[in-house]
Amino acid sequence: MESKGLCKYRVIRNISYICKSTESENDFHEHKFKTDLYLPIQTRKDSQTRCRFKSLSDENFNDKRRENNQTRSPVAIFVHGGGWRRGDKDAWKHFVCEDINLIAAFIFRFYRLYGNVGAAMARRGIPCAVMSYPLTRLTSSWIILEIFTSYVSTVLFLAVLFGLILVFGIGFCTLVSLDLFYKILDNLSILPIPLALGKDIFILHLLLSNLCVLTIITLQWHKYQLKRGQIFIVWILIILTYILGKASNFNANNLNSVLFILTLIISQGILIYTNLSSKFTTPKKQISALVQCLSEVRKYGKETNQYDDNSIFLMGHSAGGHLCSLTTLCGQQLLEAGICPTIIKGVIAISAVLDVKNLNKVPINRLYLHPTFGTDKDLWYSLSPINHLKVGSNHVPNFLVVTAQYDFHLKKDASDFCDELARNNCTLKSVTIPKTNHASIMFHFDTNIKGLNLADICSNFICETLAKSS
């Protein structure tokens, strides 16, 4: 967890921030009210690194300096993207815990989204909380379509995986024994595969894919609103079907077809039921979750003196950038929670949705706008960060507005938002990261692209903002 010229860091995982008063109504989403806190660690030998602030974990940081807020770092809170209805602080977990899409899970796990943001900021000496929050959901028809596309992606991913296992298995056999290798070649002499045999292999692959999906569901049964007894019954039913098929002298291929249909109905039925039965969440409730997380992060900072709990920077990607901007510019829920909006020193909006009405285009209106904001244009207006600038906001902190080179209509969102900030004489910085799109800008958060490193840009913005305010 270190790199040359950067701090080491440690992670406190799954800090719950759910309020006891709302705990009962959010039982299903309870696992979404969690945050991971990335904390920098700097020792004497790291004194020449790019760590910019002192923290409680420093070995040579005396008590007197701990009491001085000016020596302590600010803290950043990062809110993930995903169109308000997907994602997690560990993005890959969404695609194995709520919507099983192994291609998406593999890609997000490979890039360590969004933990890569917390790690990059902590390595630059800035504590960073990376939070999850409850998600909105699609209508029934779109849920079924999305689960179908996820199933196809999972089948394709497992086809590649099984193919690689087969290739490596043949390669291993070649190393062990040439005779064994020649026997395998003889068995493959039927290539090209006849249509009937190809169909049987395809059905077998689909069956194995279904069993993999059911195994994932079994390992996380509580997240799918299931009980142990129900999981037990599912597997007993599958095993009994297999035994009865064998006892009835079913043809192996016919038995595989029966098992494929049975496991498909069970696995996809569980996923559809889980998504349809999830409680509907609104953007206001998501903002409430962000405010609750902010309160918990401040509480931790106050109790441990790890960072300055009155110096907060909000960061967000896509929908997360929208929630950060709206929370700050509206300020109502902050005040209701007893939090002074002026403790938010800056907002970093990365590929953020800043004007909701611009989502009113087919098909993104069906996928993102209507499930989250409905069809009421007045509601769209009130939940657009740019409109809170137009009508005037009590507190407008410094803004860093970041877009990717290829970022759909969000580049116009950012341009219009920056113009409005300028008209209000607000401090802002605008950056476009070259050779990136809406997703890859986060994949390469801590990568140098044509001399630009987004993690450096964010940490420099935080330091410059604090320097101006001191």
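None of these values were measured; they are calculated from a predicted model.

## Re the pattern of salt bridges
Pairs may arise between side chains of opposite charge once their charged atoms sit close together.
Here is step 1 of the chain: Summed over all chains, the structure comprises 15 salt bridges.
Here is step 2 of the chain: The residue D88 makes a salt bridge to K32 at a minimum N-O spacing of 3.1 Å. Here D88 is found in the loop between β3 (75-79) and α2 (91-97), whereas its partner K32 is found in the loop between β1 (8-16) and β2 (34-41), with 56 residues between them in sequence.
Here is step 3 of the chain: Assessed through its relative accessible area of 7%, D88 is described here as buried.
Here is step 4 of the chain: On the basis of relative accessibility, which here comes to 1%, the residue K32 falls in the buried class.
Here is step 5 of the chain: A salt bridge links D446 to R124; the nearest nitrogen and oxygen atoms lie 2.7 Å apart. Of this pair, D446 sits in the loop between α17 (440-443) and β9 (448-449) while R124 sits in the loop between α4 (115-123) and β4 (128-131); the two residues are 322 residues apart in sequence, bridging distant segments of the chain.
Here is step 6 of the chain: For D446, a relative accessible area of 26% puts it in the partly exposed group.
Here is step 7 of the chain: Three or more residues joined by partner-sharing salt bridges are found here, namely R13, D36, K89, D90 and K93.

## Some words on unusual backbone geometry
Here is step 1 of the chain: A cis amide bond, omega -5°, links L113 with the succeeding residue Y114.
Here is step 2 of the chain: Note that Y114 resides in the loop between α3 (102-111) and α4.
Here is step 3 of the chain: Residue P363 is bonded to the preceding V362 through a cis peptide linkage, with omega at 0°.
Here is step 4 of the chain: Turning to its location among the elements, P363 is positioned in the loop between β6 (344-350) and α13 (364-373).
Here is step 5 of the chain: Positive phi outside glycine occurs at N14, with the angle close to 55°.
Here is step 6 of the chain: Considering the arrangement of structural elements, one finds N14 in strand β1.
Here is step 7 of the chain: The backbone phi angle of F408 is positive, close to 55°, even though this residue is not glycine.
Here is step 8 of the chain: Its location among the elements puts F408 in the loop between β7 (398-406) and α16 (410-423).

## As for the layout of surface pockets
Here is step 1 of the chain: In this structure, the largest pocket encloses a volume near 890 Å³.
Here is step 2 of the chain: Lining the largest pocket are 37 residues, and of these G82, G83, R86, Y368 and H438 lie nearest its centre.
Here is step 3 of the chain: Where the lining of the largest pocket is concerned, the elements lending two or more residues are α2, α3, α5 (140-176), α13 and α17.
Here is step 4 of the chain: Ranked by the residues each element gives to the lining of the largest pocket, the list is headed by α5, at six residues.
Here is step 5 of the chain: Split by residue class, the lining of the largest pocket holds 21 nonpolar, 12 polar and four charged.

## Some thoughts on the side chain of H94
Here is step 1 of the chain: Inspection of the secondary structure assignment puts H94 in helix α2.
Here is step 2 of the chain: Taking relative accessible area as the criterion, H94 reaches 5% and is therefore assigned buried.
Here is step 3 of the chain: If we skip the residues at most four places from it in the chain, H94 touches K32, R85, R86, G87, D88, D99 and L135.

## Observations regarding a nonpolar patch on the surface
Here is step 1 of the chain: On the surface, I103, F106, I107, F110, L145, F148, V152 and L156 cluster together into a nonpolar patch covering about 760 Å² of accessible area.
Here is step 2 of the chain: Looking at the nonpolar patch, the elements with two or more residues in it are α3 and α5.
Here is step 3 of the chain: Residue position: L156 is located in helix α5.

## Section: the UniProt feature "transmembrane region" (unreviewed entry) in the protein
Here is step 1 of the chain: Here the UniProt feature "transmembrane region" (unreviewed entry) sits at residues 155-181, 201-219, 231-252 and 258-276.
Here is step 2 of the chain: End-to-end, the C-alpha atoms of residues 201-219 are 27 Å apart, and along that stretch the chain is 100% helix and 0% strand.
Here is step 3 of the chain: Between the end C-alpha atoms of residues 231-252 the distance is 26 Å, and the span holds 82% helix and 0% strand.

Definitions and limits used
- Residues numbered from 1 in each chain as written.
- Predicted model: local features only at pLDDT ≥ 70, side-chain atom pairs only at ≥ 80, totals over all residues.
- Heavy atoms only, no water.
- Salt bridge = Lys/Arg side-chain N within 4 Å of Asp/Glu carboxyl O.
- Helix = DSSP H or I, 4+ residues; strand = E, 2+ residues; numbered from the N terminus.
- Buried < 20%, exposed > 50% of the residue type's maximum accessible area, 1.4 Å probe, protein only.
- 1 Å grid on protein atoms, 1.4 Å probe; cavity = no way out; pocket = protein on both sides within 12 Å on 5 of 7 lines; lining within 4 Å.
- Points joined across faces, edges and corners; volume = space filled by probe spheres on them.
- Nonpolar A, V, L, I, M, F, W, Y, C, P; charged D, E, K, R; others polar.
- Contact = heavy atoms within 4.5 Å.
- Patch = residues over 30% accessible without salt bridge, like charges linked within 9 Å, V, L, I, M, F, W, Y side chains within 5 Å.
- Areas by Shrake-Rupley, 256 points an atom, 1.4 Å probe, with all protein chains shown as cover.
- UniProt positions renumbered as here; feature names shortened; annotations may be inferred.

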